[in-house]
Protein chains: 2
Amino acid sequence: MKNKKIKIARAEADVSQEKLAAMVGVTRQTINLIEGGNYNPSLKLCTAICKALNKTLDDLFWEE
Amino acid sequence: MKNKKIKIARAEADVSQEKLAAMVGVTRQTINLIEGGNYNPSLKLCTAICKALNKTLDDLFWEE
DNA sequence: ACAAAATGTCATTTATAAATGACATTTTGT
DNA sequence: ACAAAATGTCATTTATAAATGACATTTTGT
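Just so we're clear, the structure is a prediction, and the values are computed from it rather than from any experiment.

So, how was this worked out
Residues numbered from 1 in each chain as written. Chains lettered and ligands numbered in written order. Predicted model: local features only at pLDDT ≥ 70, side-chain atom pairs only at ≥ 80, totals over all residues. Heavy atoms only, no water. Contact = heavy atoms within 4.5 Å. Buried area = accessible area lost by both parts, 1.4 Å probe. Salt bridge = Lys/Arg side-chain N within 4 Å of Asp/Glu carboxyl O. Polar contact = N/O pair within 3.5 Å; in protein donor to acceptor, adjacent residues only side chain to side chain. Helix = DSSP H or I, 4+ residues; strand = E, 2+ residues; numbered from the N terminus. Nonpolar A, V, L, I, M, F, W, Y, C, P; charged D, E, K, R; others polar. Near = heavy atom within 4 Å. Buried < 20%, exposed > 50% of the residue type's maximum accessible area, 1.4 Å probe, protein only. Least-squares fit on C-alpha atoms with pLDDT ≥ 70 in both.

### What to know about the interface of chain B and chain A
Here's step 1: At the junction of the two partners, chain B supplies 17 residues and chain A supplies 17 residues.
Here's step 2: Area buried by chain B at its contact with chain A is led by B:N40, B:L43 and B:W62, which between them contribute 39% of it.
Here's step 3: Connecting chain B to chain A are zero salt bridges.
Here's step 4: At the boundary of chain B and chain A, one finds 13 residue pairs in polar contact (both at pLDDT 80 or more).
Here's step 5: Within the residue set of the side of chain B that touches chain A, elements represented by two or more residues are helix 4 (43-52) and helix 5 (57-61) of chain B.
Here's step 6: For the side of chain B that touches chain A, the element with the most residues is helix 4 of chain B, which contributes six residues.
Here's step 7: Residue composition of the side of chain B that touches chain A, by class: seven nonpolar, four polar and six charged.

### Digging into the protein's contact with DNA strand D
Here's step 1: The environment of DNA strand D is made up of 18 residues, and the closest members are A:Q17, A:R28, B:Q29, B:T30 and B:S42.
Here's step 2: In the environment of DNA strand D, a base nitrogen lies 3.4 Å from a nitrogen or oxygen atom belonging to the side chain of B:R28.
Here's step 3: With respect to DNA strand D, the side chain of B:S42 contributes an N or O atom lying 2.8 Å from a phosphate oxygen.
Here's step 4: Broken down by secondary-structure element, the contributors of at least two residues to the surface near DNA strand D are helix 1 (4-13) and helix 3 (28-36) of chain A together with helix 3 (28-36) of chain B.

### Let's talk about the environment of A:K55
Residues and elements named next belong to chain A.
Here's step 1: Summarising the element assignment, K55 is placed in the loop between helix 4 (43-52) and helix 5 (57-61).
Here's step 2: Since its relative accessible area comes to 25%, K55 is described here as partly exposed.
Here's step 3: C-alpha separation for the pair K55 and V24, spaced 31 residues apart in sequence, amounts to 14 Å.

### Points about the relation of the copies chain B and chain A
One copy of the chain maps onto the other through a rotation about an axis followed by a shift along the same axis.
Here's step 1: Mapping chain B onto chain A leaves a residual RMSD of 0.0 Å; the transformation is a rotation of 180 degrees accompanied by 0.0 Å of translation along its axis. Here the copies are linked by what is in effect a two-fold axis. Using C-alpha coordinates, one finds that chain B approaches the rotation axis most closely at B:S42, a distance of 2.1 Å.

### Overview of the protein's contact with DNA strand C
Here's step 1: Taken together, the neighbourhood of DNA strand C is formed by 18 residues, with A:Q29, A:T30, A:S42, B:Q17 and B:R28 sitting nearest.
Here's step 2: Here a base oxygen of DNA strand C and a side-chain polar atom of A:Q29 are 2.9 Å apart.
Here's step 3: Only helix 3 of chain A together with helix 1 (4-13) and helix 3 of chain B provide two or more residues apiece to the surface near DNA strand C.
Here's step 4: Tallied by class, residues from the surface near DNA strand C come to four nonpolar, ten polar and four charged.

Right under this line is the structure:
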């Protein structure tokens, strides 16, 4: 399922997929895949995304 | 760095590495590697471990 | 003190996250 | 309305998570 939370957090922080990708050291496509869902990123990447957006794992990646 | 939190949560729930592995559908070695640190598990696996131990991502995998 | 269970660690193979390049479509600012 | 930036998606390659088997060491219950 899609990860809307990252998209929203990105909008709040006013960062594009490309900029977020640069901040965490991956490519734009990887960020795009994660937001699109059906993807299983590594813990390290999840953590990097959280820190870049000033969120925690539970904020962005915890479901239910 | 080592992940002591999982080890502690396991002790609380009285589950061995082997049992936890079975609960989340991986092998014992994978659990062992995660607890030992220097490992970068997938988000899906992290989430499964949390649910098996009644914890959240922040409880077990968030640092600082 | 002893046996059984649990843990640590190695080496090899397999599945998949992430990189890379490329192009089409959508969104945004002026 | 238009151009530029951002996003969606494909196909191929590379790096690494996770599987598997095997054995040594440590911990636990009696």
